[in-house]
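A structural walkthrough
Okay, here's what each chain looks like letter by letter:
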Amino acid sequence: MFANVGWGEMLVLVVIGLVVLGPERLPGAIRWTAGALRQARDYVTNATDQLRDEIGPEFDDLRAPLSELQKLRGMTPRAALTRHLLDGDDSLFAAVSSLTEDPRLMAPAPAVAPKFVPGGPAPFDADAT
């Protein structure tokens, strides 16, 4: 639940709590919050265990689609292309990214188009026709 909260964020929360609640009430507020979180975690664990006991083996069948949805939640367009179209072969993307990183491997810049001179013939561009 709070897996992405680091020590820096915790320190900021304690300082804010110290300013808002004061040093007298802060320890009691921390104890109350810790107890409430522990009680909520116990309720969720008990509810999961009760569902598992009542539903039985079908509980794992219900969890399979949810785990598949969780995998799709983290799917990026690149990962979807790699998985479904390229059968997990990521070498195409590696080749393209190496081309963009090394400027010597990129195609040469196109030649400058001929300039238009008023009164002269129209410039001819072989690539445009």
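Residues numbered from 1 in each chain as written. Predicted model: local features only at pLDDT ≥ 70, side-chain atom pairs only at ≥ 80, totals over all residues. Heavy atoms only, no water.

1. Focus on a nonpolar patch on the surface
Formally: Patch members must show over 30% relative accessible area and no salt bridge, and they are joined within 9 Å when carrying like charges or within 5 Å when they are nonpolar side chains of Val, Leu, Ile, Met, Phe, Trp or Tyr. Accessible surface area values rest on a Shrake-Rupley calculation with a 1.4 Å probe, where residue burial reflects the displayed protein chains alone. The salt bridge definition used is simple: a Lys or Arg side-chain nitrogen within 4 Å of an Asp or Glu carboxyl oxygen. A run of H or I in DSSP counts as a helix once it spans at least four residues, and a run of E counts as a strand once it spans at least two, with each numbered from the N terminus. A simple rule labels every residue: compare its accessible area, found with a 1.4 Å probe on the protein chains alone, to the largest value its type can have, and call it buried under 20%, exposed over 50%, or partly exposed in between.
On the surface, Leu11, Val12, Val15, Ile16, Val19 and Val20 cluster together into a nonpolar patch covering about 580 Å² of accessible area. Within the element layout of this structure, leucine 11 appears in helix H1 (residues 7-21). The exposed category is assigned to leucine 11, whose relative accessible area is 56%.

2. Some remarks on the pattern of salt bridges
All told, the structure shown has one salt bridge when counted by the stated rule. For aspartate 49, the salt bridge identified is with arginine 52, shortest N-O distance 3.8 Å. Taken together, the positions of aspartate 49 and arginine 52, both in helix H2 (residues 26-55) and three residues apart, correspond to about one turn of that helix. Overall, aspartate 49 belongs to the partly exposed group, its relative accessible area being 36%. A relative accessible area of 36% places arginine 52 in the partly exposed class.

3. Thoughts on the UniProt feature "transmembrane region" (unreviewed entry) in the protein
This is how it is decided: UniProt positions are given in the numbering used here, feature names are shortened, and annotations may be inferred rather than shown by experiment.
Following the UniProt record, the feature "transmembrane region" (unreviewed entry) maps to residues 6-23 here. Along residues 6-23 the backbone is 83% helical and 0% strand, and the end-to-end C-alpha distance reaches 23 Å.

4. What about the packing of H2 against helix H3 (residues 58-73)?
Packed helix pairs are characterised by how far apart their axes lie and by the angle those axes make with each other. Here is the rule: Each axis is a line fitted through C-alpha atoms, and for a helix only the stretch in contact is used; angles between axes span 0 to 180 degrees, taken between their N-to-C directions. For classification purposes, angles smaller than 35 degrees are called roughly parallel, those larger than 145 roughly antiparallel, those between 65 and 115 roughly perpendicular, and all remaining angles oblique. Here, two residues are considered to be in contact whenever any of their heavy atoms come within 4.5 Å of each other. Lys, Arg, Asp and Glu make up the charged group, whereas Ala, Val, Leu, Ile, Met, Phe, Trp, Tyr, Cys and Pro make up the nonpolar group; the residues left over, Gly among them, are polar.
Where H2 contacts H3, the axes come no closer than 7 Å and their chain directions differ by 120°. The orientation of H2 with respect to H3, classified from their angle, is oblique. Judged by residue contacts, Thr48, Leu51, Arg52 and Ile55 of H2 engage Glu58, Phe59, Leu62 and Arg63 from H3. When the residues that make up the contact of H2 with H3 are grouped by side-chain class, the tally is four nonpolar, one polar and three charged.

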